[in-house]
Amino acid sequence: MKLVKEIPDSDSQEEWLARERAHLSQVLYRYTPLVVDHARGSYLYTVDGRRYLDFASGIAVTNLGHGHPEVIRAAKDQLDRLVHISVVAHHEPAIQLAERIADLAPGKLDKVFFANSGAEAVEGAIKLARYVTGRSALIAFQGAFHGRTYGALSLTASKSYYRERYEPFLPGVYHVPYPYPYRNPTGPGDAATLDYVFNFIDEMLDTRVPPRNVAAFIVEPVLGEGGYVVPPADFMPRLRKLCDQHGILLIADEVQSGYGRTGKMFACEQTGVVPDIMTLAKSIASGLPLSAVVASGRLMDQWEPAAHGSTFGGNPVSCAAGIATLDVFTREHILANATDKGAELIRRLRDLQQRSPAIGEVRGLGLMVGVELVGKDGAPDKALQKKIRQVCLDSGLVVLSCGAHDNVLRLVPPLNISQAELDEGWEILNGAFQEVAA
Ligand SMILES: Cc1ncc(COP(=O)(O)O)c(C=O)c1O
């Protein structure tokens, strides 16, 4: 055994990837083979000196771009003061950030539990829901992605290979269809879609799981990994009403849609609905690990001390970055930029759709934008998704995909993207469509 091993540094991405294959588990799928050395603002720089415009934002995490100076300064200052204290004691950054989130969150959602990842926030939310209701059943949506830990994975239904060979899952979890007007089995249109979904739910509550057994519905206000589907406007209000009728809690998973991604601080604000519990993660500390379960004091105060916990959750450095992140949101008018640039991107894409039959649907809110790619028969076209992403990458633009059939381009640029950067990305994306989908 050698404690110190001399390994030469390299500027070859291939060499780094070979070393990675030797010692890093390959279970972690990556969207690109890029080996990134550093990143600033909207750009990534690889070890071999190439520059890429980033329309992925670390999967909707670096919403303020990479390395925002104010966030970095706050994190560095906190590193000098206190890195970790855990449940040994209390600390100011967690208290201050909780106050700030309570001020921003809709309705009476004014108490926060901090964790580290989205999946952990989901675990916390479903434990809280079961704990305070004394009920066990949980209802999630087909197409949902809530994370990879066992509780969260039991709720996840966006791709069956995420679940392959992992059964049995958490008992008491039921799935119902998410309103997806473009592929609604009983026909297009919002009304038909909502009838289909709520008839399914009613039938399920009549025949399979009595409402009084149900602790919570968990829902993404805009479906993320499942295809960037924006549900009809009436969906969340109807779901809220159904929950209220039966004393069921409503959990909004805002891990991806929250923190300005849709142009509002939280996507549920687009619907006028206040959930009982909200989960946040990804972008809340601009790239440092942090997540949160947010609920009303009335609910949170029933979760008794030590009924849940975490060693690293609410780390002081992450919380300091979280506070700075919120300062930047206000000072730099991030929500307005996300709304304007998102509308501009969607307008251009819809224009392109007129000339490109391969685009089945363009949908989104703010800078959470999906482009569903289809073949001549309207079937999902994953092969085209791959081709377009490859052409984009070869031209210096990083784009993600999503959807149950992996045929949706997922456009997630930083929320503070400039007009020049948006134009640069658009040129590349538009060029890719001309090259492979004209
Ligand atoms: C809506 C939603 N919930 C939960 C998660 C899980 O988050 P994490 O990967 O941080 O565990 C994700 C991740 O993509 C997500 O999009």
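Residues numbered from 1 in each chain as written. Predicted model: local features only at pLDDT ≥ 70, side-chain atom pairs only at ≥ 80, totals over all residues. Heavy atoms only, no water.

J.: Account for the pairing of strand S7 (residues 214-219), naming residues and giving values.
T.: With six of six residues buried, S7 is to be regarded as a mostly interior element. Bridge count between strand S5 (residues 137-141) and S7: three bridges; the pairing is parallel. Within the sheet, the bridge partner assigned to Leu138 lies in S7 and is Ala216. Bridging between S7 and strand S8 (residues 249-253) involves four bridges; their strand directions are parallel. Bridge pairing in S8 places Ala216 opposite Leu249. Handedness of the crossover joining S7 and S8 through helix H8 (residues 235-246) is recorded here as right-handed. (Buried < 20%, exposed > 50% of the residue type's maximum accessible area, 1.4 Å probe, protein only. Helix = DSSP H or I, 4+ residues; strand = E, 2+ residues; numbered from the N terminus. Pairing = 2+ DSSP bridges. Right-handed = clockwise from strand over helix to strand, strands pointing away.)

J.: Let's hear about the pattern of salt bridges: which residues, and what values?
T.: Throughout the structure, instances matching the rule amount to 17 salt bridges. Put simply, Arg100 and Asp327 hold a salt bridge, and the shortest N to O gap is 2.9 Å. Of this pair, Arg100 sits in helix H4 (residues 92-104) while Asp327 sits in helix H10 (residues 316-331), and the two are 227 residues apart along the sequence. Between Arg347 and Glu344 there is a salt bridge, with its nearest N and O atoms 3.3 Å apart. A residue pair is termed a helical-turn pair when its members lie 3 or 4 positions apart in one helix, as Arg347 and Glu344 do in helix H11 (residues 334-355) at three residues. Look at the salt bridges and you will find they share partners, linking Arg183, Glu361, Arg363 and Glu372 into a network. (Salt bridge = Lys/Arg side-chain N within 4 Å of Asp/Glu carboxyl O.)

J.: Tell me about the site of the ligand, and name the residues and values.
T.: Close to the ligand lie Ser117, Gly118, Ala119, Phe145, His146, Gly147, Glu220, Asp253, Val255, Gln256 and Lys282, which account for all nearby residues. Within the contact set of the ligand, a nitrogen atom lies 2.7 Å away from a side-chain nitrogen or oxygen of Asp253. The side chain of Lys282 places a nitrogen or oxygen atom 3.0 Å from an oxygen atom of the ligand. When the free accessible area of the ligand is taken as 390 Å², the share hidden by the protein chains comes to 81%. Partitioning the shell around the ligand into residue classes produces three nonpolar, five polar and three charged. (Near = heavy atom within 4 Å. Polar contact = N/O pair within 3.5 Å; in protein donor to acceptor, adjacent residues only side chain to side chain. Areas by Shrake-Rupley, 256 points an atom, 1.4 Å probe, with all protein chains shown as cover. Nonpolar A, V, L, I, M, F, W, Y, C, P; charged D, E, K, R; others polar.)

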